8 protein chains.
Amino acid sequence: MNAKQLKLLLESVKDGRETVDDAVTRLRAMPFEDLGFAKIDHHRSIRCGFPEVIYCEGKSLDHASAIFDRCAANGDNVLATRATRELFDRVHQQHATAEFDETACIISLRQNKVAPSEGTIAVVSAGTSDSRVAEEARITAEMMDQKVATYYDVGVAGIHRLLAHSQDLQAASVAIVVAGMEGALASVVGGLVDCPVIAVPTSVGYGASFGGLAALLAMLNSCASGVTVVNIDNGFGAGYAATLINRTRNSKAG
Amino acid sequence: MNAKQLKLLLESVKDGRETVDDAVTRLRAMPFEDLGFAKIDHHRSIRCGFPEVIYCEGKSLDHASAIFDRCAANGDNVLATRATRELFDRVHQQHATAEFDETACIISLRQNKVAPSEGTIAVVSAGTSDSRVAEEARITAEMMDQKVATYYDVGVAGIHRLLAHSQDLQAASVAIVVAGMEGALASVVGGLVDCPVIAVPTSVGYGASFGGLAALLAMLNSCASGVTVVNIDNGFGAGYAATLINRTRNSKAG
Amino acid sequence: MNAKQLKLLLESVKDGRETVDDAVTRLRAMPFEDLGFAKIDHHRSIRCGFPEVIYCEGKSLDHASAIFDRCAANGDNVLATRATRELFDRVHQQHATAEFDETACIISLRQNKVAPSEGTIAVVSAGTSDSRVAEEARITAEMMDQKVATYYDVGVAGIHRLLAHSQDLQAASVAIVVAGMEGALASVVGGLVDCPVIAVPTSVGYGASFGGLAALLAMLNSCASGVTVVNIDNGFGAGYAATLINRTRNSKAG
Amino acid sequence: MNAKQLKLLLESVKDGRETVDDAVTRLRAMPFEDLGFAKIDHHRSIRCGFPEVIYCEGKSLDHASAIFDRCAANGDNVLATRATRELFDRVHQQHATAEFDETACIISLRQNKVAPSEGTIAVVSAGTSDSRVAEEARITAEMMDQKVATYYDVGVAGIHRLLAHSQDLQAASVAIVVAGMEGALASVVGGLVDCPVIAVPTSVGYGASFGGLAALLAMLNSCASGVTVVNIDNGFGAGYAATLINRTRNSKAG
Amino acid sequence: MNAKQLKLLLESVKDGRETVDDAVTRLRAMPFEDLGFAKIDHHRSIRCGFPEVIYCEGKSLDHASAIFDRCAANGDNVLATRATRELFDRVHQQHATAEFDETACIISLRQNKVAPSEGTIAVVSAGTSDSRVAEEARITAEMMDQKVATYYDVGVAGIHRLLAHSQDLQAASVAIVVAGMEGALASVVGGLVDCPVIAVPTSVGYGASFGGLAALLAMLNSCASGVTVVNIDNGFGAGYAATLINRTRNSKAG
Amino acid sequence: MNAKQLKLLLESVKDGRETVDDAVTRLRAMPFEDLGFAKIDHHRSIRCGFPEVIYCEGKSLDHASAIFDRCAANGDNVLATRATRELFDRVHQQHATAEFDETACIISLRQNKVAPSEGTIAVVSAGTSDSRVAEEARITAEMMDQKVATYYDVGVAGIHRLLAHSQDLQAASVAIVVAGMEGALASVVGGLVDCPVIAVPTSVGYGASFGGLAALLAMLNSCASGVTVVNIDNGFGAGYAATLINRTRNSKAG
Amino acid sequence: MNAKQLKLLLESVKDGRETVDDAVTRLRAMPFEDLGFAKIDHHRSIRCGFPEVIYCEGKSLDHASAIFDRCAANGDNVLATRATRELFDRVHQQHATAEFDETACIISLRQNKVAPSEGTIAVVSAGTSDSRVAEEARITAEMMDQKVATYYDVGVAGIHRLLAHSQDLQAASVAIVVAGMEGALASVVGGLVDCPVIAVPTSVGYGASFGGLAALLAMLNSCASGVTVVNIDNGFGAGYAATLINRTRNSKAG
Amino acid sequence: MNAKQLKLLLESVKDGRETVDDAVTRLRAMPFEDLGFAKIDHHRSIRCGFPEVIYCEGKSLDHASAIFDRCAANGDNVLATRATRELFDRVHQQHATAEFDETACIISLRQNKVAPSEGTIAVVSAGTSDSRVAEEARITAEMMDQKVATYYDVGVAGIHRLLAHSQDLQAASVAIVVAGMEGALASVVGGLVDCPVIAVPTSVGYGASFGGLAALLAMLNSCASGVTVVNIDNGFGAGYAATLINRTRNSKAG
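Please read all numbers here as calculations on a predicted model, not as lab measurements.

Rules used throughout
Residues numbered from 1 in each chain as written. Chains lettered and ligands numbered in written order. Predicted model: local features only at pLDDT ≥ 70, side-chain atom pairs only at ≥ 80, totals over all residues. Heavy atoms only, no water. Helix = DSSP H or I, 4+ residues; strand = E, 2+ residues; numbered from the N terminus. Buried < 20%, exposed > 50% of the residue type's maximum accessible area, 1.4 Å probe, protein only. Contact = heavy atoms within 4.5 Å. Areas by Shrake-Rupley, 256 points an atom, 1.4 Å probe, with all protein chains shown as cover. Expected span 1.5 Å × (residues − 1). Disulfide = S-S within 2.5 Å. Pairing = 2+ DSSP bridges. Right-handed = clockwise from strand over helix to strand, strands pointing away. Axes fitted to C-alpha atoms, helices over the stretch in contact; angles between N-to-C directions. Left-handed = near helix turned anticlockwise from the far one by under 90°. Nonpolar A, V, L, I, M, F, W, Y, C, P; charged D, E, K, R; others polar. Domains from an automatic or database assignment. Buried area = accessible area lost by both parts, 1.4 Å probe. Salt bridge = Lys/Arg side-chain N within 4 Å of Asp/Glu carboxyl O. Polar contact = N/O pair within 3.5 Å; in protein donor to acceptor, adjacent residues only side chain to side chain. Phe/Tyr/Trp six-rings, centres within 6.5 Å; stacked < 30°, edge-to-face > 60°. Lys NZ or Arg CZ within 6 Å of the ring centre and 35° of its normal. Arc of directions from axis to C-beta.

1. So, the overall build of chain A
- A count of helices and strands for chain A gives 10 helices and 9 strands.
- Burial analysis of chain A (254 residues in total) assigns 61% to the buried set.
- Within chain A, contacts between residues at least 6 apart in sequence are counted, and of these 69% link residues at least 24 apart.
- When the accessible area of chain A is evaluated, it comes to approximately 9000 Å², of which 48% is carbon and sulfur surface.

2. Let's talk about helix α5 (residues 131-143) of chain A
All names here are of chain A.
- An ideal rise of 1.5 Å per residue puts 18 Å on 13 residues; α5 measures up with 18 Å between its terminal C-alpha atoms.
- When you tally the buried positions in α5, you get 11 out of 13 residues, the bulk of the element.
- Listed in full, the buried residues belonging to α5 are Ser131, Val133, Ala134, Glu135, Glu136, Ala137, Arg138, Ile139, Thr140, Ala141 and Met143.

3. So, the state of the cysteines
- Tallying each qualifying case throughout the model produces 0 disulfides over all chains.
- B:Cys223 supplies the cysteine sulfur nearest to C:Cys223, a cysteine that is in no disulfide, at a spacing of 15 Å.
- Judged by relative accessible area, C:Cys223 falls into the partly exposed class, the value being 28%.

4. Notes on the pairing of strand β1 (residues 52-55) of chain B
Residues and elements named next belong to chain B.
- Residues of β1 alternate between two faces, with Glu52 and Ile54 buried on one and Val53 and Tyr55 left unburied on the opposite face.
- Where β1 and strand β2 (residues 78-81) come together, 4 bridges link them in parallel fashion. Counterpart to Val53 in the pairing with β2 is Leu79.
- With helix α3 (residues 61-73) bridging β1 and the parallel β2, this β-α-β connection has right-handed handedness.

5. As for the packing of helix α3 (residues 61-73) of chain F against helix α4 (residues 85-94) of chain F
Residue and element names in this part refer to chain F.
- Look at α3 against α4: their axes get within 10 Å of each other, and the N-to-C directions meet at 40°. Where α3 crosses over α4, the two elements pack in a sense that is right-handed. Of α4, the residues touching α3 (which contributes Leu61, Asp62, Ala64, Ser65, Phe68 and Asp69) are Glu86, Leu87, Arg90, Val91 and Gln94.
- Along the lines of polarity and charge, the residues of the contact of α3 with α4 split into 5 nonpolar, 2 polar and 4 charged.

6. Examining the domain arrangement of chain A
Residue and element names in this part refer to chain A.
- Partitioning chain A into structural domains gives domain 1 (31-109) and domain 2 (120-253).
- The interface is formed by 18 residues belonging to domain 1 together with 16 residues belonging to domain 2.
- Interface area, domain 1 with domain 2, both sides summed: about 1300 Å², of which 67% is carbon and sulfur.
- In this assembly, domain 1 and domain 2 are joined by 2 salt bridges.
- In this structure, Arg82 engages Glu136 in a salt bridge whose closest nitrogen and oxygen atoms are separated by 3.6 Å.
- Counting across the domain 1 and domain 2 interface gives 1 residue pair in polar contact (both at pLDDT 80 or more).
- The set of elements that each furnish at least two residues to the side of domain 1 that touches domain 2 consists of β2 (78-81) and β4 (106-109).
- Across the side of domain 1 that touches domain 2, the residue classes tally to 10 nonpolar, 6 polar and 2 charged.

7. Some remarks on the pattern of salt bridges
Residue and element names in this part refer to chain A.
- Counted under the stated rule, the structure contains 80 salt bridges over all chains.
- Among the ionic pairs, Asp62 bridges to Arg90, the shortest N-O distance being 2.2 Å. Of this pair, Asp62 sits in helix α3 (residues 61-73) while Arg90 is found in helix α4 (residues 85-94), placing the two residues 28 residues apart along the sequence.
- Under the relative-accessibility criterion, Arg90 is labelled partly exposed at 29%.

8. A few points about the side chain of E:Thr81
Residues and elements named next belong to chain E.
- With respect to the element layout, Thr81 can be found in strand β2 (residues 78-81).
- Overall, Thr81 belongs to the buried group, its relative accessible area being 2%.
- For Thr81, the residues in contact, after removing those within four places along its chain, are Val53, Ile54, Tyr55, Cys56, Cys105, Ile106, Glu136 and Phe236.

9. Points about the sheet that holds strand β4 (residues 106-109) of chain F
All names here are of chain F.
- Across the sheet, which stays open at both edges, the 4 strands sit in the order β1-β2-β4-β3 with mixed pairing between neighbours. Two strands bound the open sheet, and with one partner strand each, they are β1 (52-55) and β3 (99-101). Taken over all neighbouring pairs, the strand axes of this sheet differ in orientation by 15° on average, direction set aside.
- Against the sheet, helix α5 (residues 131-143) makes contact with β2 (78-81), β3 and β4, and its axis sits at roughly 170° relative to β2, the strand it touches most.

10. Examining the environment of H:Ala115
All names here are of chain H.
- Inspection of the secondary structure puts Ala115 in the loop between β4 (106-109) and β5 (120-125).
- By relative accessible area, Ala115 is classed as exposed at 65%.
- On a C-alpha basis, the gap between Ala115 and Ser131 in space is 27 Å, while along the polypeptide they are 16 residues apart.

11. Observations concerning the packing of aromatic side chains
- Under the counting rule described, the total for this entry stands at 24 aromatic pairs over all chains.
- Ring geometry for C:Phe88 and C:Phe100: centres 5.4 Å apart, planes at 15°, overall stacked. In this pair, C:Phe88 is assigned in helix α4 (residues 85-94) and C:Phe100 in strand β3 (residues 99-101), connecting sequence segments 12 residues apart. Each member of the pair C:Phe88 and C:Phe100 is classed as buried.
- The ring of A:Tyr206 has G:Arg82 lying over it, and the distance from NZ or CZ to the ring centre is 4.8 Å.

12. Some thoughts on helix α4 (residues 85-94) of chain E
Residues and elements named next belong to chain E.
- When α4 is considered as a whole, its buried residues turn out to be Leu87, Phe88 and Val91. Relative to the axis of α4, the buried residues are bounded by an arc of 95° and lie together on one face. Residues of α4 that are exposed and angled more than 90 degrees away from the buried face: Glu86 and Gln93.
- Next to the buried residues of α4 lie α3 (61-73), β3 (99-101) and β4 (106-109).

13. Here we look at unusual backbone geometry
- Here the phi dihedral of A:Arg82 falls at roughly 50°; this positive angle occurs in a residue that is not glycine.
- Residue placement: A:Arg82 occurs in the loop between β2 and α4.
- Positive phi outside glycine occurs at B:Asp145, with the angle close to 70°.
- Within the secondary structure layout, B:Asp145 lies in the loop between α5 (131-143) and β6 (147-151).
- Given a relative accessible area of 6%, B:Asp145 falls into the buried group.

14. Looking at the side chain of G:Asn246
- The residue G:Asn246 is located in helix α10 (residues 235-250) in this model.
- The exposure class of G:Asn246 is buried, given its relative accessible area of 0%.

15. Quick look at the sheet that holds β4(H)
All names here are of chain H.
- Strand order in this open sheet of 4 strands is β1-β2-β4-β3, and the pairing throughout is mixed. Whereas interior strands pair on both sides, the edge strands pair on one side only; in this sheet they are β1 (52-55) and β3 (99-101). Direction aside, neighbouring strands of the sheet carry axes that sit 15° apart on average.
- Pairing analysis gives 3 bridges linking β3 to β4, with the strands arranged antiparallel. When the sheet's bridge partners are listed, Asp101 is paired in β4 with Ile106.
- Where helix α5 (residues 131-143) meets the sheet, it contacts β2 (78-81), β3 and β4, and its direction lies at approximately 170° from that of β2.

Encoded structure:
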């Protein structure tokens, strides 16, 4: 029940077409979203430029492709993360314009596009093994109409590689830093830029990296201010949060 | 050596006032910041509205108050977190306008002020015991000239308390969510708003909260997109990051 | 030795057919269950409506199907959790009425049925990936003759989905809440209802969910009173405990 | 706004004393509890026999006693857990009938009493050091008008001590099992009774008990069905949940 | 009811002084220990040479000294571990022959003595800081009438110190190895002797010793066969278990 | 160089057949075992009744069978733990009398036998899934010429099953208790018997059993005295240690 | 841009062939390494005797062999760790002199050789299962032109095996100690030698070794001074660090 | 028994002054160090320039000062780490030239001095709070006659501070890197230098630093080769190991 419907109800009470008791009953029983709290619904609703996102890991081929179809039917952009080529082959039969990024394991279907955002999201990664997660972040942000610049393989063991890009990094609106092993890159980037930094620990490493725990703890303890952290390997989450931050910028006129 | 100085050096080479060998030597030996990479220095430099921040825990009274004096001498705003009343009594003798927030354990000295930012940072906390950390976030952001609105004691065990504020929350540029115990508030707020959410786990809880670990893990695993996390009890970090995000918004014109 | 046998022994002492010393010896040596402590045995005994439960994980096909046969021979209901289709194919040859639930991985054989319980057990789950565990809880309770109502995919990131069911939930006798990732649903449901809540953490999640540890800790630290917790993915345990609770209600007349 | 107030509002709309637009505005703005979703509020509201509960740890004397006064002013029963004698001395000046339990560290103020529940809650503890937590559970349940029977110091190292009470335990509606160290008592009691068992791990132990972690994990892994677990040392939570379970029984007539 | 009382009961049945039904009732209701299952009771009962043991940590002075008095009243040997001098001063007033070992923090009262056991228990410790735990083991075993030989400060960083005693060690019936830090001593001793080795990890260490966890894990993973482990700092447990092992030897004749 | 060889060397020094300097050189260079410290070598040496033990996990078929051959060539008993049928098929071709225990995954080759020990080792296990580990313990002890009695599937959820065997258990020289999940059985057995108890945690369980950690911690924290613990799933270690303990008994005459 | 190029640039400025502004631009844009900060680059650069190292785990066959080709093209020695035979077969087609070490899983291609270092690196390992890691260390060091001596299977359970080599060990410049399970070997070797010791925990073990955590913690807590630790299974890291240490020795003349 | 004494013994055998049997007995019983394995003893022995080290934490004043006296009596340098001013006051009465470093909590007594080593040990620390540990490393190395250069407060959040010293760092023989929080400095320094790097995690930090665990894991996972790690806060260990490494250099001539 939205504001308009609520008004209609009250008017029929006023007009005597509806008794007070019936109105009380209807008001108490109505779902919350009917009260017009549409925003509560936003994560599932289709809003301009926000893709529907399907997390494919652990879903059967049938299940995942059916969800993909349903999402696509709305005319929205669709993003399927942790997807396999098998799934893509299936999806591709129905959606000829869908694309598959082998590194990021993402299927994307772009059905509409808005003007790109102002401000650039920098995606910085430590090693080539972190690329899968970094690319997941990049594609997520791009599907949400953000400009993205990538700086890969600039880990701290060769600090000059990173410093060579310091001016470009300083021009970004948001920086996403993707690193496994000791995760030190987040702190170094955090010290170079004055935009918000989203750190993504990856499970890249062995032995006492304990599946990304070492990088996660390091990033949470970053000595650089302005660094926030998402879950291990959660490139999607970082891309999504960076987009929200950059939208803040673009929403200023509003 | 900034760009101007570099130009001067090259001109004296051109003019023959400086030999090529001497120039090579000077160029190779010069500190990086002299090359004009001023931004590298930004965390320590004094920039309009960014306070100097002193983390007092573990510092002696003498040490902490001396640092405070040195920071204040620059004419900047100064923020001392995890401070004691003893330290404040000492600081107050030298800096009559310094203020002490007993809940947040913060000493603040405001020596200059800029026009407040556009956009509001919402600070949301779960229980009254989380106030210390929430207040640390609030004061940090305010010292950096942000507008802050607080929503305290709105934990998920009485979800209606939070929902009553949902429209206000949806108007914020950034939301900081402070919660201990099971940290569920971050996910619920993340589902209500579409601005970036910074989650701060607190060490409030007992038994299997393991000093905030339960809330930290919960927040990292939030099912709501757009949530990023800072260290346990790190209200300062959340306030700082939220300010960077909101500045993104305000920097648009730039 | 049951009460009757004990009486016989004492009578033969009285009659002099048995010496006192021999009786002392026999009394000291007899197994405890012979003393009539039948209740000690209850978990293994066959009582009306309690199914025999076989945990299949790690058991060979031969082993599991043999146990199934033995249980079925008693005429009882039989429940085999964590079962495979292979096992079902085998079991089905002997027990034509056995059924297999593909989602919950449960084989059930109903050989007798009592009138359904009063009171309803609500099974609430956060995401579609939690279904396996939620269904395990549902089927367990139903095999023990409970009425169950399910509320699936009502995770806290879209809180209105849950709130839309709040009145139904408030009518339940017991609520089982199944959630992975950050496990926040348990706290929110715990704040909505005033019946006992059994929280089941699932291993759904990735990165720092550490196989369900994040959800487990969150649920143990729930800020809502009245929440108790079972092991990770233990849908059976939750269904069993919820049944015991609801039986408490139905046993009132006794 | 309760149902009555809602009716009044609708009647003034009907009567034309209030415009439809004003009514829309008021309806959308009102706090949820005013819509009559009273149950949402139940944890904070005062209902017959449920005490207001104050968790005192980490609260200042001033703070804690002020909350106590405010709770007591409603005429409700009040329960203050993890309280000190100092706090009691303060509280006692205002509330002459308040009582202090030195072992459980609980202040209780009983201002009204209902007929005791049917069914008995058994509180079973392993060692004398677990008494504080066990007593917290007992007093919590009793303040909520439950009948409680206690079986203390019946740990599994001398199993006969427990078995001597097995018949009494089997007569309970709910059993609360409080144990530190290896927490084995929960499994043994779970095997003896067929009512729901709430296990409370305590931080009693040393070395590799890791503050109650050993007992917590043991209880979560109990081989006995029907056992659910609350947080370490959370006697209050166990007493509260047990009461909810026993109320299930007593609410049958409803 | 012990064997004698049981016999009396049966005799009164025989004599007709007691009816069979009354006897059945009494037999079923009597506590298990009354049936003469004395062994069930053994940990609490007083048997030749086994001291009553009181774990004092966390017990009040009043409580601890009262328990001591009660134990002593039985004429048994009494052992109070983790005791303070304050407690000893109190105990000493009542029990003039009680002794206090300042290193081990043990109060011991010897009221009877049997011939010492055959076979020697070797107590080996790595560093001087491990002495408290090693002495707790030694005194425990001696109070249970065992012969003990001690080899202290023979840690593996100076392996020759240990090797110098290898022949003596090889003559022991049981070896208790007490070590903190990396706990390597257990493996080395386990490789030198062919008697059972009980390893006691201590909380001695810092940083990544995590309160004895490092030594505990090391000892559990010992590459030497025949090593078993007790809880961190549990010198009493090691002394007790070693005594049971050595009694095995001495009970051969039985 | 054994004592005899040492004597010969000294005699040739005495006789002048060997110079003092040469003797010094030989004495300093000789391997330690040559000095007659034969016991240092005992774990690798062949002593009556001690089998050579090969841990097969992670060894290639070629490697494992080659080691087996080498061990067998000494005429000793050989024990290969964690073995596969493939390995057995290979071994069996060379050693026709070798046997394979499918449950325990052990290959054993008995080439000599001594009179069985006095005293019985009781192997007690909680559930059928613990059999593999329990059987590993049993076979290990039997290969070392011990008498073993087994009590399987007597977990604490049905305590009467265990109590029915209490007298037999009390007659054992050593008890090995094998249990996964919550590991409570060790404490209960520890309370029933007064012989040494070796607890073996198993990785049986799921969710928060964390691969046997729950059982391991529980056993280390056992409230029953006289319980020591070996590594998770280390049936061999328990069987070996129990044998050493029982040998203590049998060595008394020596 | 190296020093020579820098000089050329400055000379063209001097000569007027290049404007000052252009030179400023070029100087600010040039990669850092061009400024002659060659050392910053050292890990990636080709220096005499340092092989290029490729960590193959998780890299596709195509990817890994392409990197190998690129490295080899520089004429340097190449080392590929955690390699498979499949990769080797591929690499071998292009590089006929490449060698594969099956135990260490290393492909090595030696294209140039310098005189061997002074001083010997001792590689000591506890058990045969630790060989893979030990060999990785040995080959790494040898490819960097170090002399290596190996002492394998000298674990502490048979301490005499190690002691037999003590004089040789004492002659080493650096010792690498490789051990899994309880990792005690590092402390014992640390106590025998007075050269630096690098300890490498391995994931060899089971149960509570937790993938090498037990050995890692033990080594970090070593009671022997002079022991430092690398990551679990990181044989390469140990070989690399040992080489750096031994180069320190050889660089003395410099 | 050293080589000389051994020779004397053999000569008296030769001369018949000692029987062969007596010699056998003496040879088998003699402590190992008497065989001339003097190096085994080195950690406790007094060698030129190696101070005696006393770890004071947990030692009583009496105990610690007595050990200090005994060490000093040998004429050696003495180092007491984790010392208090109280201890120093006591020590100072006996040893007028002893010095106390308030930051490092070290008492040092220099009684002899050798020519300083060649090569410099660089001690690099991240923040001012890491000074205590860094100073412990510096003083340890200096007492062992090493040249030390310190670079404090050069954490990665302001990377230019570190880079300004890169040339000096590159000249060091060994680098000790001391850092808490995320420990990233070790990786960055490891990438700048080509000498061995010893990383010391400190317990500086809060929340998810878990007492230094975050820094420890980060350092173990360093992406820079050549980094080895010591225990949390173990400045002494780092200083000691660095000295051993630098001695390698100085021992070349030998």
